[in-house]
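Understanding the architecture of this molecule
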Amino acid sequence: MNVEEESEVVDKKWKKFGEINMTPVFLAAVIGLLFIAIFVILRKRSSARRDFLLTGLSESGKSAIFMRLLHKKYPDTYVSVKENVGEYKSGGLTGKIIDIPGHYRVRDKCFDQYKRTAKGVIFVVDSVTIQKDIRDVADALYTILSDGATIPCSFLVLCNKQDLATAKSVKVIKHSLEKEMNLVRGTRGRKLEVLGVNDANKPTHLGKIGKDFEFTHLQQNIQFYECSAKEGQLNHLTDWLDRML
Ligand SMILES: Nc1nc2c(ncn2[C@@H]2O[C@H](COP(=O)(O)OP(=O)(O)O)[C@@H](O)[C@H]2O)c(=O)[nH]1
Ligand SMILES: [Mg+2]
């Protein structure tokens, strides 16, 4: 084959290549990309934060709120030694609600198990006994808020048992908690100094350094509302959940 013949063969080959229908190739590429996109989205969704944790001291009414919200029931007594898990459904969307037992031994362990998948934390307060229990309530709330794993979470403090005449208002509870959280922060800071904990291991300092503790200084969004599980007054909770789903 001389040079001219050779170039003719090459020309013919290119012509044939140009005649190949490229549509199926493009289609295959697009379908492939679609599959990759769906895979990435599904992986992201499965690892995203989607749970809502109900927490607070024992007897504050967490299980009563859980039962009212998910089963439209108000139980007289509901002893929970293990977490209750249920689905909250609204407008075609769902969210997992986890009622964490209040006893401190199980509470911390259970909270640790769910904190990394939590989108929201609902902290329930007994509005009748709050004054007597203020130190324990502030301590529990401080522990949760200063845990680095809850920084992406939104918080809702529910002042429950508002049906009772001796219940304190949301305004009083918020103010008392702010004052007590300030004391808890001071005590914890001094303890860490005595123990000589270095900066890297130090839990997050809550609020602004050198300023009295205020909930508005927190990194997390935190809202306070009144409710009554007994009377079924949970509209602030359902509104908050519906916004978060
Ligand atoms: N009056 C009144 N009592 C409540 C309310 N919510 C819960 N309780 C009562 O408080 C007690 C503790 O409630 P429970 O849901 O078991 O608290 P938990 O330990 O936080 O789960 C029970 O006797 C409930 O009947 C409420 O809104 N109003
Ligand atoms: Mg309970």
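Residues numbered from 1 in each chain as written. Chains lettered and ligands numbered in written order. Predicted model: local features only at pLDDT ≥ 70, side-chain atom pairs only at ≥ 80, totals over all residues.

1. A word on the overall build of the protein chain
Heads up, the condition is: Helix and strand definitions follow DSSP, with helices as H or I runs of at least four residues and strands as E runs of at least two, each counted in order from the N terminus. Exposed residues have 12 or fewer other C-beta atoms within 10 Å of their own C-beta, buried residues have 20 or more, and partly exposed residues fall in between, where C-beta atoms are placed from the backbone. The contact criterion used is a C-beta to C-beta distance within 7 Å, with each C-beta placed from the backbone.
When helices and strands are counted, the protein chain shows seven helices and six strands. Going from N to C terminus, the protein chain has its helices and strands arranged as α-α-β-α-β-β-α-β-α-β-α-β-α. Counting all 245 residues of the protein chain, 27% fall into the buried class. Across the protein chain, contacts joining residues at least 24 apart in sequence account for 74% of those joining residues at least 6 apart.

2. As for helix α5 (residues 130-145)
Here is the rule we go by: What a helix is expected to span follows from its residue count: subtract one and scale by 1.5 Å. To get the bend at a given residue, fit one axis to the seven residues ending there, fit another to the seven starting there, and take the angle between those axes.
Across its 16 residues, α5 extends only 19 Å between first and last C-alpha, which sits more than 12% below the 22 Å expected from 1.5 Å per residue. At Asp136, α5 is bent by approximately 40°, the largest bend along its length. What α5 keeps buried is the set Ile130, Val137, Ala138, Ala140, Leu141, Tyr142, Ile144 and Leu145.

3. Observations regarding the environment of Asn235
Within the secondary structure, Asn235 is located in helix α7 (residues 235-244). Take Asn235: there are 10 C-beta atoms within 10 Å of it, and that puts it in the exposed class. Placed 166 residues apart in sequence, Asn235 and Leu69 show a C-alpha to C-alpha distance of 9.9 Å.

4. Overview of the UniProt feature "transmembrane region" (unreviewed entry) in the protein chain
Quick note on the threshold: UniProt positions are given in the numbering used here, feature names are shortened, and annotations may be inferred rather than shown by experiment.
Mapped onto this structure's residue numbering, the UniProt feature "transmembrane region" (unreviewed entry) falls at residues 20-42. Note that residues 20-42 is 87% helix and 0% strand, and that its end C-alpha atoms are spaced 36 Å apart.

5. Section: the sheet that holds strand β5 (residues 154-160)
Defined as follows: Any two strands with at least two DSSP-identified bridges between them are counted as paired. An axis is simply a line fitted to the C-alpha atoms; with a helix, the fit covers only the stretch in contact. Between two such axes, the angle follows the N-to-C directions and lies from 0 to 180 degrees.
Here we have six strands laid out as an open sheet, ordered β2-β3-β1-β4-β5-β6, and mixed in their pairing. Strands with a single pairing partner mark the edges of an open sheet, and in this sheet they are β2 (84-90) and β6 (221-226). Direction aside, the axes of adjacent strands within the sheet are offset by 25° on average. In the packing of α7 onto the sheet, contacts are made with β1 (51-56), β2, β3 (93-99), β4 (118-126), β5 and β6, and the angle to β5 comes to roughly 170°.

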